[in-house]
Amino acid sequence: QVQLVESGGGLVQPGGSLSLSCAASGRTFSNYGMGWFRQAPGKEREFVAAISRDGGSTNYADSVKGRCTISRDNAKNAVYLQMNSLKPEDTAVYYCAARFTPTTAASFTTGARYDYWGQGTQVTVSS
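Residues numbered from 1 in each chain as written. Predicted model: local features only at pLDDT ≥ 70, side-chain atom pairs only at ≥ 80, totals over all residues. Heavy atoms only, no water.

Turning to the sheet that holds strand β3 (residues 18-25), a few remarks are in order. The 4 strands are arranged β1-β3-β8-β7 in an open sheet whose pairing can be described as antiparallel. Both edges of this open sheet fall to β1 (3-7) and β7 (68-73), since each of them pairs with a single strand only. With strand direction ignored, the average angle separating the axes of adjacent strands in the sheet is 15°. Strand direction decides the pairing type here: β3 and strand β8 (residues 78-83), joined by 6 bridges, are antiparallel. Each residue of the ladder has a partner; that of L20, found in β8, is L81. (Pairing = 2+ DSSP bridges. Helix = DSSP H or I, 4+ residues; strand = E, 2+ residues; numbered from the N terminus. Axes fitted to C-alpha atoms, helices over the stretch in contact; angles between N-to-C directions.)

So this is what it looks like as structure tokens:
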């Protein structure tokens, strides 16, 4: 079992920045590919960014490419999402997810491929 706890959400003005964190516990963090997803009210959950277990591979949704950076620190059992130039359409609950991939250095963009999820952190972009 892996426990994931997100933090760093909040209210920010358009054009502003936020840094989300996800703290993991329970298993060897470096065996897990990690991802960030989001869900806005009335919409389906969507992929935001993903990173391989060793940090060597990343993927981004087109909607955030160039504005967001995913990173991880395996020594701290944490994954991060730096979001810049935020837009109102970025408003959503952001979820951290983990997929057990001890032998594959790949990043995954499909939510169904993830094994564990956090409870989410709210990001609101509004003036």
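What follows concerns the state of the cysteines. With the rule as written, the count across this model stands at 1 disulfide. Note that C22 is cross-linked by a disulfide to C96, the S-S spacing being 2.1 Å. Looking along the S-S bond of the C22-C96 disulfide, the torsion reads about -75°, which is the left-handed sense. With a gap of 74 residues between them, C22 in strand β3 and C96 in strand β9 (residues 92-100) connect regions that are remote in the sequence. There is no split in this pair, since C22 and C96 are both buried. Free cysteine C68: the closest other cysteine sulfur is in C96, separated by 14 Å. For C68, a relative accessible area of 7% puts it in the buried group. (Disulfide = S-S within 2.5 Å. Buried < 20%, exposed > 50% of the residue type's maximum accessible area, 1.4 Å probe, protein only.)

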